[in-house]
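A closer look at the structure
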Amino acid sequence: NVASRMESTSAKDTIQCSASFMDLLQQQWPEAARLAAPQGLKPIKGKGTMSTFFLYPPQRIPLRFPANDD
């Protein structure tokens, strides 16, 4: 499933999510959606290329977001 793939392809100590999850998060909890950093398109095994985001808790928002591996 997508959640498992997001976890297995994420950077250490981060929460990676898909664009469809971000759409739902924006509708249901826009304050949390603002804590997301786009990671661009990433190849996800068994799913193809997907647009992904990293979510950060408010106390861990980096001054610079991690570089995109693309």
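One can find the structure itself at the top, above this paragraph.
So, here's what we can say about the structure. (Residues numbered from 1 in each chain as written. Predicted model: local features only at pLDDT ≥ 70, side-chain atom pairs only at ≥ 80, totals over all residues. Heavy atoms only, no water.)

Quick notes on the nonpolar core
Grouped together as the largest cluster of nonpolar side chains are eight residues: Cys 17, Met 22, Leu 25, Ala 32, Ala 33, Ala 36, Phe 53 and Leu 55. Counting residues per element, the ones that place at least two in this core are helix 2 (19-28), helix 3 (30-33) and strand 3 (48-55). (Core = buried A, V, L, I, M, F, W, Y, C linked by side-chain atoms within 4.5 Å. Buried < 20%, exposed > 50% of the residue type's maximum accessible area, 1.4 Å probe, protein only. Helix = DSSP H or I, 4+ residues; strand = E, 2+ residues; numbered from the N terminus.)

Points about the sheet that holds strand 2 (residues 36-44)
On the basis of which strands lie adjacent, the open sheet formed by three strands has the order 1-3-2 and antiparallel pairing. Edge strands, defined here as strands with exactly one partner in the open sheet, are strand 1 (15-18) and strand 2. With strand direction ignored, the average angle separating the axes of adjacent strands in the sheet is 35°. Running over the sheet, helix 2 touches strand 1, strand 2 and strand 3 and is turned about 90° from strand 1. (Pairing = 2+ DSSP bridges. Axes fitted to C-alpha atoms, helices over the stretch in contact; angles between N-to-C directions. Contact = heavy atoms within 4.5 Å.)

Quick notes on the side chain of Thr 52
Take Thr 52: it is sitting in strand 3. Given the relative accessible area of 0%, Thr 52 is considered buried. Those residues in contact with Thr 52 that lie beyond four places of it in its chain are Met 6, Gln 16, Cys 17, Ala 37, Pro 38, Gln 39, Gly 40, Lys 42 and Ile 44.

With respect to the pairing of strand 2
Across eight bridges, strand 2 lies against strand 3 in antiparallel orientation. Bridge assignment links Ala 36 to a residue of strand 3, and that residue is Leu 55. Taking the residues between adjacent antiparallel strands as the criterion, strand 2 and strand 3 are bridged by three residues, where Gly 46 takes a positive phi near 80°.

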